[in-house]
Amino acid sequence: MRSETRQREASAIGRLVRMNNAFEGIIPRFVAASTGFDRLLAAVRPAQWDAPTPCAEWKVRDLVNHMTSGNRNYVSLVDGGTAAGYLAGRDADALGADPIGAFRGSVRDCADAFARPGALARVLDYPLGRVVGSQALAVRTADSIVHTWDLARAIGVDDTLDAGLLGWLDDGFDRIYAGLAETPAAADTTHRFFAPPTGSPGFTRQDRLLRRMGREPSLR
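Residues numbered from 1 in each chain as written. Predicted model: local features only at pLDDT ≥ 70, side-chain atom pairs only at ≥ 80, totals over all residues. Heavy atoms only, no water.

**So, the nonpolar core**
With 60 residues, the main nonpolar core has Val60, Leu151, Leu169 and Ile176 as its most contacted residues. Secondary-structure elements contributing two or more residues to this core are α2 (26-41), α3 (60-78), α5 (99-114), α6 (133-155), α7 (163-176) and α8 (205-212). The element contributing the most residues to this core is α6, with twelve residues. If sequence neighbours within four positions are ignored, Leu151 has contacts with Phe37, Leu40, Leu41, Val44, Val60 and Leu63. (Core = buried A, V, L, I, M, F, W, Y, C linked by side-chain atoms within 4.5 Å. Buried < 20%, exposed > 50% of the residue type's maximum accessible area, 1.4 Å probe, protein only. Helix = DSSP H or I, 4+ residues; strand = E, 2+ residues; numbered from the N terminus. Contact = heavy atoms within 4.5 Å.)

Pasting the structure below:
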């Protein structure tokens, strides 16, 4: 009994540590998640830019534009921009004639913006609620991870997510999204949260996380 009690206590402490560490090293984690998306982006063939994605309203170009304009809108928040301004520019074409170059530039700009002194502690007027910069960038990182899976599915390549990024998002999920005004019923969000099928046989950790993020891994 004492051994079981110690194991439960150690497990609880481990969860608490992971929760507290959800925002540590968030800039390199954002860059790593963006690099994973970039790696797949380089594999998109010309005919695939109009291919459908798991996000029903988006084709591949729309998905890449969402990622690129999103990064640029995060820079605007660090610069003192408002939630209204963020939403107004959300659907603007950020890709032009060079989608890959535009995405890569947006990643650099976003990482540089959050690396400014005090940016991670600054309160931002984020569309889902006022949050500090570290939490906002954590949400952006989570978005990048899940949309990497979306892109992989869209272009028909291996959709296995990076184990370290997957573990970070799964362990820190509640901390990353704490206090945000986003629900499974929200019609205008790509984060349609569902309860993970923890007891279902055959579900991997990636399957459970994707299901929680509103994806259905079993469907192609």
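Let us keep going from here.
**What about the pattern of salt bridges?**
All told, the structure shown has twelve salt bridges when counted by the stated rule. We note a salt bridge from Asp125 to Arg130, for which the minimum N-O separation is 3.9 Å. A salt bridge links Asp174 to Arg212; the nearest nitrogen and oxygen atoms lie 2.9 Å apart. Placement of Asp174 in helix α7 and of Arg212 in helix α8 is noted, with a sequence separation of 38 residues between them. Taken together, the salt bridges that share partners define one network made up of Asp170, Asp171 and Arg205. (Salt bridge = Lys/Arg side-chain N within 4 Å of Asp/Glu carboxyl O.)

**Regarding the packing of α6 against α7**
One can describe the packing of α6 onto α7 by two numbers: an axis separation of 11 Å at closest approach and a directional angle of 135°. The orientation of α6 relative to α7 falls into the category oblique. The two elements α6 and α7 cross, and the hand of that crossing is left-handed. The segment α6 lies against α7, with Gln135, Ala138, Val139, Thr141, Ala142, Ile145 and Val146 engaging Leu165, Trp168, Leu169, Arg175 and Ile176. Tallied by class, residues from the contact of α6 with α7 come to nine nonpolar, two polar and one charged. (Axes fitted to C-alpha atoms, helices over the stretch in contact; angles between N-to-C directions. Parallel < 35°, antiparallel > 145°, perpendicular 65-115°, else oblique. Left-handed = near helix turned anticlockwise from the far one by under 90°. Nonpolar A, V, L, I, M, F, W, Y, C, P; charged D, E, K, R; others polar.)

**Regarding the layout of surface pockets**
The space that makes up the second largest pocket amounts to roughly 230 Å³. In terms of lining residues, the second largest pocket is bounded by 15 residues, among which Gly36, Arg39, Thr148, Thr160 and Asp162 are the most central. Those elements that provide at least two residues to the lining of the second largest pocket are α2 and α6. Its residues assigned to classes, the lining of the second largest pocket comprises eight nonpolar, three polar and four charged. (1 Å grid on protein atoms, 1.4 Å probe; cavity = no way out; pocket = protein on both sides within 12 Å on 5 of 7 lines; lining within 4 Å. Points joined across faces, edges and corners; volume = space filled by probe spheres on them.)

**As for the environment of Phe173**
Structurally, the position occupied by Phe173 is in helix α7. The spacing of Phe173 and Ala22 is 151 residues in sequence and 8.4 Å in space, taken between C-alpha atoms.

**Examining the side chain of Arg140**
Structurally, Arg140 can be placed in helix α6. Under the relative-accessibility criterion, Arg140 is labelled buried at 1%. A polar side-chain atom of Arg140 sits 2.9 Å from a polar atom in the side chain of Asn71. In this view, Arg140 contacts Phe30, His66, Met67, Gly70, Asn71 and Tyr74; residues no more than four positions away in its chain are not counted. (Polar contact = N/O pair within 3.5 Å; in protein donor to acceptor, adjacent residues only side chain to side chain.)

**Details of the packing of aromatic side chains**
Tallied over the entire structure, the rule returns six aromatic pairs. Ring centres 6.3 Å apart and planes at 50° place the aromatic pair Tyr74 and Phe114 in the tilted group. In this pair, Tyr74 sits in helix α3 while Phe114 sits in helix α5, placing the two residues 40 residues apart along the sequence. Here Phe114 falls in the buried class, since its relative accessible area comes to 1%. For the pair Phe173 and Tyr177, a centre-to-centre distance of 5.0 Å together with 45° between the ring planes defines the contact as tilted. Given the relative accessible area of 4%, Phe173 is considered buried. Owing to a relative accessible area of 8%, Tyr177 belongs among the buried residues under this scheme. (Phe/Tyr/Trp six-rings, centres within 6.5 Å; stacked < 30°, edge-to-face > 60°.)

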